[in-house]
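# Per-entry structural report
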Amino acid sequence: MSLTTPVPRDEDTTFPGEGWFYYWKTSASLWRSKLSEYQKGGLVFVPLNWSFHSETGDHYDFAEHRPETDLKKLNTIANELGKKMIFLLPLGPAPFLPNGGLPHFLARTAAVNDEGLPQFAIDADGSINKLYSFYDNRVYQAFTKFTYQLSQYISRTGINCDIFGLRCYSYCRHQSVKSFMSDRSPVFEQSFARFLKARREEIEVDINSPEVEWLLRAEYGKTIESLYETNASEAFSAQWEGVLDAAFLGTSSEDNFSRLGNQHSEQKYSWDILEILSRDMVPSTVMLPARIKKTLLKKQSDELVLNSFLLNKAETLQDEDGSFFQPLIHFEIGDLPTSKSFLKHNWQSNGLLPFLKTTFPFSYRLRSGDQFKFSDEQEARERLTFFLGENIQKQNFHLMLKLFMSGGKVVLDRTGMSSEFLKKLEVFFIENSLKIEKVNFHTHIHNIILGEGRMVVFEGEKLHTLEPGKVFSFWQKLIETFSLRLLTLDSTDPIVHYWRTRAANSNELNYEEIRRVSLYNPSSYKRKFLIQLPKHFVLLKVIDALHVEVIPKKSQIEVMMMPEGSASIDFGVFS
Amino acid sequence: MMEQESLKVIFLIYSPDFSGSYYILHCFETEHFYDCEYLENLYRSQYGKAPNFSKFPHTGPFEDFTDLKNFAFHLCKEVNGDRIVLLTLEDFQGALDKNSQKPELCRHLAGLGESLENLNQEGKGLFSKIFRT
């Protein structure tokens with residue numbers, strides 16, 4: 001005998017984090033009460049569970065048999081409760097679903113990671129989700145059928161919510177972010193071999209070199225990823241809002257084994273959230289057990305992810321003045337070192353990342369080459385944008401010059417830049433009669449000014465052999481010359497903190513901008529530190545202080561945080 | 001079964017590379033995870049040199065399987081384990097295919113691979129097991 005009535009589950013099961021709602025984990029008759037009890041904001045993200053709607057691949061259940069597949073009803077309830085529902089459609093293996101979201105009949109070839117281990121993830125209640133390859137042609141064909149059936153259902157029933165594609169990643173300090181689409185299974189290798197054969201005639205370089213193979217594998221992976229994305233965006237064209245990249249805490253290979261050993265570190269996850277945000281990705285805590293995100297981690301996730309980063313991504317629910325807190329970014333860094341780990345020269349080796357991590361932690365955004373686009377030119381001009389010469393191609397070369405000419409601040413490490421682009425840069429300076437100021441400070445530096453725009457070109461390779469103190473002073477001096485308006489924390493211990501910004505509203509006319517720093521102490525030690533207050537900044541208020549003492553002093557603020565303490569502090573910025 | 005569960009069993013997943021040397025990929029027990037820094041330090045103390053990381057922070061190389069077993073045994077003694085189970089990638093994959101819960105997976109893994117007993121383990125009595133830290 002088995003129970004047919006679903007057992008009511010607690011909030012953590014149906015709302016595992018960041019406003020996600022697992023509709024398949026509770027009875028449809030409980031949806032209204034669950035959603036009305038949810039008080040963390042107006043946004044509800046609903047990941048779509050492919051296998052829940054299609055067990056066989058021949059038949060699709062959208063409210064025909066099981067009431068829990070009635071997405072129209074779910075959307076209606078959310079609307080009636082004043083909540084905005086957003087569908088998330090996984091575009092590859094989803095670690096939070098059994099079989100990575102694949103219907104049972106398609107779960108044939110286990111996805112394999114770079115270590116040769118089968119890919120898996122441990123969810124919040126300790127279940128192991130094995131992931132399967134999305135490089136199998138049958139999977140792609142079935143995905144096409146599913147998106148078609150779902151789009152027909154959405155259109156037929158008039159569901160009016162936005163749909164985002166969801167790309168899933170793990171995060172690990174050693175390997176950085178890793179896509180769950182990344183695969184070394186036999187299915188991948190076979191299809192990659194066919195791709196390689198087709199490309200062999202086009203490529204002149206040594207196809208057997210590890211670097212070229214790495215690039216080709218990445219290119220092939222991107223090609224297949226984009227097939228899934230294109231398929232979905234075309235199926236849901238009217239409601240398609242783009243793709244969200246989400247990195248799931250506790251799902252890297254190292255985290256998996258750490259969790260098999262029953263080991264969790266809230267402190268580590270606290271830092272991971274900030275690292276993931278600095279990559280412009282959504283940190284997700286949905287895979288972590290409820291017991292370890294009771295306090296600080298939950299607060300961090302709600303404040304920084306759900307009610308800030310995701311609001312910004314969803315571009316909705318703006319307050320009356322049309323502004324809400326967004327991540328404060330001072331530095332845009334192109335070409336993640338991990339994206340081409342074989343590169344000998346990168347922002348790690350020339351010392352920029354270690355400097356920023358120490359001095360202005362998480363006030364930077366790391367982007368891989370193909371993400372380097374600027375949707376807001378005004379914002380881009382206010383930031384300092386870094387380009388790595390070795391990765392300069394036609395597209396980012398033009399982007400760099402465009403940014404410089406429109407008043408942006410650009411720093412180019414010319415090490416490894418091809419002679420073609422060095423020549424083009426030289427011609428650009430000559431054609432525009434730009435004066436080059438040359439300075440020698442640990443390396444050769446060229447400073448070029450054009451209106452409000454400024455470009456600094458330097459030889460980063462020379463920094464490799466310098467002692468760390470000199471490299472640090474190089475970056476300190478260089479960044480000081482840009483006169484950025486920055487607030488810093490003076491502390492001997494690393495403090496988990498994150499800066500956000502918003503425009504001033506009608507009650508704050510004395511200020512141009514409001515900055516908020518959110519502080520967390522996941523350690524078991526008391527933390528004491530200072531926030532320097534240079535001119536143009538004023539302390540406004542302290543919010544949600546828990547086990548925290550804030551003492552304003554002349555030109556600085558002293559903060560004392562007890563273990564598990566947290567607070568946010570607002571500052572007004574004026575000219 | 002009760003006896004089995006009270007034992008401190010360490011799981012070590014290893015893989016050979018193309019040259020025939022062996023590397024440790026991951027190492028854990030049901031209540032602990034041995035991170036690469038820990039294994040690196042142990043390797044350094046055992047061999048007087050740092051591990052040679054190729055693509056990942058894996059610990060090695062070990063010249064042959066005997067060399068790997070010696071290190072595994074040393075690790076088991078170092079952490080006061082009762083036994084250490086050496087698992088191949090295939091062992092792990094097979095166990096993963098058959099189990100979908102953490103405790104079941106660990107129980108299954110305990111019966112696979114090559115197992116080395118730490119016979120020198122002190123305090124095999126009931127009380128020492130109960131009060132072990």
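Residues numbered from 1 in each chain as written. Chains lettered and ligands numbered in written order. Predicted model: local features only at pLDDT ≥ 70, side-chain atom pairs only at ≥ 80, totals over all residues. Heavy atoms only, no water.

## Quick notes on the overall build of chain B
Stated formally: Counting from the N terminus, the helices are the DSSP runs of H or I reaching at least four residues and the strands are the DSSP runs of E reaching at least two. Relative accessibility thresholds used throughout: buried, under 20% of the residue-type maximum; exposed, over 50%; partly exposed, between the two (1.4 Å probe, protein chains only). Residue contacts follow a heavy-atom distance rule, with two residues in contact if any of their heavy atoms lie within 4.5 Å. Note on areas: these come from Shrake-Rupley sampling with a 1.4 Å probe, and a residue is covered only by the protein chains present in the view.
Within chain B, the regular secondary structure consists of six helices and six strands. Listed by position from the N terminus, the elements making up chain B come as α-β-β-β-α-β-α-β-α-α-β-α. For chain B, the proportion of its 133 residues judged to be buried stands at 45%. Contacts in chain B between residues far apart in sequence, at least 24 positions, make up 61% of those at least 6 positions apart. Accessible area for chain B stands at about 7,100 Å²; split by element, carbon and sulfur atoms hold 52% of it.

## Let's talk about the environment of Asn 350 of chain A
All names here are of chain A. Stated precisely, the cut-off is as follows: Polar contact criterion, stated in full: a pair of N or O atoms within 3.5 Å, where within protein one must be able to donate a hydrogen and the other to accept it, and residues adjacent in sequence count only if both atoms are side-chain atoms.
Along the chain, Asn 350 falls in the loop between strand E10 (331–334) and helix H11 (352–359). Judged by relative accessible area, which is 0%, Asn 350 ranks as buried. Asn 350 sits 112 residues away from Lys 462 along the chain, and the two C-alpha atoms are 8.3 Å apart. At 3.1 Å, the side chain of Asn 350 and the backbone nitrogen of Leu 352 are in polar contact.

## Side note on the interface of chain A and chain B
Stated formally: Once two parts are joined, some of their accessible surface, as seen by a 1.4 Å probe, is lost; buried area is that loss totalled over both. By convention in these notes, a salt bridge is any Lys or Arg side-chain nitrogen within 4 Å of a carboxyl oxygen on Asp or Glu. In this classification, Asp, Glu, Lys and Arg are treated as charged, Ala, Val, Leu, Ile, Met, Phe, Trp, Tyr, Cys and Pro as nonpolar, and every other residue, Gly included, as polar.
Taken together, the contacts link 24 residues of chain A with 24 residues of chain B. Here chain A meets chain B over a buried area of about 2,200 Å², counting both sides, of which 63% is carbon and sulfur. For chain A, the biggest contributors to the area lost against chain B are Glu 115, Phe 257 and Leu 260 of chain A; these three give 26% of the whole. As a salt-bridge pair, Lys 130 of chain A and Asp 97 of chain B come within 2.1 Å of each other at their nearest N and O atoms. Where chain A meets chain B, there are nine residue pairs in polar contact (both at pLDDT 80 or more). Among the secondary structure elements, those contributing two or more residues to the side of chain A that touches chain B are strand E3 (120–122), strand E4 (128–130) and helix H8 (253–260) of chain A. Residue classes in the side of chain A that touches chain B are distributed as eight nonpolar, ten polar and six charged.

## Here's the deal with the side chain of Thr 59 of chain B
Residue and element names in this part refer to chain B. As for its position among the elements, Thr 59 is in strand E4 (residues 59–62). The exposure class assigned to Thr 59 is buried, which follows from its relative accessible area of 1%. Dropping the residues within four chain positions of it, Thr 59 is found in contact with Tyr 22, Tyr 23, Ile 24, Leu 39, Glu 40, Tyr 43 and Pro 51.

## Details of the pairing of strand E15 (residues 444–450) of chain A
Residues and elements named next belong to chain A. Spelled out, the test is: When DSSP finds at least two bridges between two strands, those strands are taken to pair.
As defined by bridge partners, strand E14 (residues 436–440) adjoins E15 across five bridges and the pair is classed as antiparallel. The residue bridging Val 439 from the neighbouring strand is Ile 445, located in E15. Here E15 folds back onto strand E16 (residues 453–458), and the loop between the two strands holds two residues, one of which, Gly 451, carries a positive phi near 60°.

## Some remarks on the sheet that holds E14 of chain A
All names here are of chain A. Where we set the bar: The angle between two axes is taken between their N-to-C directions and runs from 0 to 180 degrees, where each axis is a line fitted to C-alpha atoms and a helix contributes only its stretch in contact.
Pairing is mixed across the open sheet formed by seven strands, whose spatial order is E11-E10-E12-E13-E16-E15-E14. Of all the strands in the sheet, just strand E11 (364–367) and E14 have a single pairing partner and so form its edges. Ignoring strand direction, the axes of neighbouring strands in this sheet form an average angle of 20°. Helix H14 (residues 419–431) contacts strand E13 (409–413), E14, E15 and E16 of the sheet and is inclined by roughly 140° relative to E16.

## Focus on the pattern of salt bridges
Residues and elements named next belong to chain A. Across all of its chains, the model carries 32 salt bridges over all chains by this definition. Here Arg 184 ties to Asp 114 by a salt bridge, and the two come within 3.5 Å at their closest N and O atoms. Here Arg 184 is found in the loop between strand E6 (176–179) and helix H6 (186–200), whereas its partner Asp 114 is found in the loop between strand E2 (84–90) and E3, with 70 residues between them in sequence. On the basis of relative accessibility, which here comes to 27%, the residue Arg 184 falls in the partly exposed class.

## A look at the pairing of strand E12 (residues 384–388) of chain A
Residue and element names in this part refer to chain A. Spelled out, the test is: If you view a crossover with the strands going away from you and the path from the first strand over the helix to the second runs clockwise, you call it right-handed.
Burial analysis of E12 places five of its five residues in the buried class, which makes it a mostly covered element. The alternating pattern of E12 places Leu 384, Phe 386 and Leu 388 on one face and Thr 385 and Phe 387 on the opposite face, and all of these are buried. Pairing between E10 and E12: three bridges, direction parallel. Considered in E12, the bridge of Ile 333 is made with Phe 386. Of the pairings in the sheet, the one linking E12 to E13 comprises five bridges and is parallel in character. Looking across to E13, one finds that Phe 386 is bridged to Val 411. In this fold, the crossover linking E12 to E13 by way of helix H13 (residues 394–405) has right-handed handedness.

## A word on the packing of helix H9 (residues 266–277) of chain A against helix H10 (residues 296–314) of chain A
Residue and element names in this part refer to chain A. To be explicit about the condition: Convention used here: angles under 35 degrees read as roughly parallel, angles over 145 as roughly antiparallel, angles from 65 to 115 as roughly perpendicular, and any remaining angle as oblique. Crossing handedness follows the turn of the near helix against the far one: under a right angle anticlockwise gives a left-handed crossing, and clockwise gives a right-handed one.
Put simply, H9 and H10 touch, their axes get as near as 10 Å, and they point 15° apart. Here H9 is positioned roughly parallel relative to H10, judged by the angle of their axes. Handedness of the H9/H10 crossing: left-handed. Here H9 contributes Glu 266, Tyr 269, Ser 270, Ile 273, Leu 274 and Leu 277 to the contact with H10, which in turn contributes Leu 296, Leu 297, Gln 300, Ser 301, Leu 304, Val 305 and Phe 309. Considered class by class, the residues forming the contact of H9 with H10 number nine nonpolar, three polar and one charged.

## Quick notes on helix H15 (residues 468–480) of chain A
Residue and element names in this part refer to chain A. The condition is simple: In a helix, the anticipated span is given by 1.5 Å times the number of residues less one. Directions drawn from the helix axis to the C-beta atoms are what define this arc.
Between its terminal C-alpha atoms H15 stretches 18 Å, which fits the 18 Å expected from 13 residues at 1.5 Å a residue. Turning to H15, its buried residues number three or more, namely Val 471, Phe 474, Trp 475, Leu 478 and Ile 479. The buried residues of H15 occupy an angular sector of 115° when the element is viewed end-on, so they sit on one face.

## Some remarks on the side chain of Arg 83 of chain B
Residue placement: Arg 83 of chain B occurs in strand E5 (residues 83–87). Here Ser 115 of chain B takes part through its side chain, which lies 2.7 Å from a polar atom of the side chain of Arg 83 of chain B.

## Here's the deal with the environment of Asp 35 of chain B
Among the structural elements, Asp 35 of chain B can be located in the loop between strand E3 (32–33) and helix H2 (36–47). As for Asp 35 of chain B and His 58 of chain B, which are separated by 23 residues in sequence, their C-alpha atoms are 9.8 Å apart.

## Brief notes about the confidence of the model for chain B
Stated precisely, the cut-off is as follows: The predictor attaches a confidence to each residue, called pLDDT, with possible values from 0 through 100.
A residue-level look at chain B finds 83% of positions with pLDDT of 70 or above and a mean pLDDT of 82. Here helix H6 (residues 126–130) of chain B stands out as the least confident element of chain B, with mean pLDDT 45; E5 of chain B is the most confident, with 94.

## Thoughts on the nonpolar core
Taken as a class, soluble globular proteins show a tendency for nonpolar side chains to be buried jointly. The cut-off we apply is this: What is meant by a nonpolar core is a set of buried Ala, Val, Leu, Ile, Met, Phe, Trp, Tyr and Cys residues, joined one to another through side-chain atoms within 4.5 Å.
Membership of the largest hydrophobic core comes to 129 residues, with the highest contact counts inside it found for Tyr 23, Leu 71, Phe 87, Leu 89, Phe 96 and Trp 475 of chain A. A per-element tally of this core places H10 of chain A first, with nine residues. Apart from the residues lying within four places of it in its own chain, the contact partners of Leu 71 of chain A are Tyr 23, Leu 48, His 53, Phe 62, Met 85, Phe 87, Leu 150, Tyr 153 and Ile 159 of chain A. By size, the runner-up hydrophobic cluster in this structure holds 23 residues, among which are Phe 120, Phe 257 and Leu 260 of chain A together with Cys 106 of chain B.

## Thoughts on unusual backbone geometry
Residues Gly 60 of chain B and Pro 61 of chain B are joined by a peptide bond in cis, for which omega reads 5°. For Pro 61 of chain B, the location among the structural elements is in strand E4. One non-glycine residue, Asp 280 of chain A, lies in positive phi territory at about 60°. Here Asp 280 of chain A is to be found in the loop between H9 and strand E8 (282–284).

## A short note on the packing of H2 of chain B against helix H3 (residues 65–78) of chain B
All names here are of chain B. As a packed pair, H2 and H3 sit with axes 11 Å apart at the nearest point and diverge in direction by 115°. When the axes of H2 and H3 are compared, the pair comes out roughly perpendicular. At the point where H2 passes H3, the crossing takes the right-handed sense. Where H2 approaches H3, its residues Tyr 38, Leu 39, Leu 42, Tyr 43, Gln 46 and Tyr 47 are matched on the opposing element by Asp 67, Asn 70, Phe 71, His 74, Leu 75 and Glu 78. Here the contact of H2 with H3 is composed, by residue class, of seven nonpolar, three polar and two charged.

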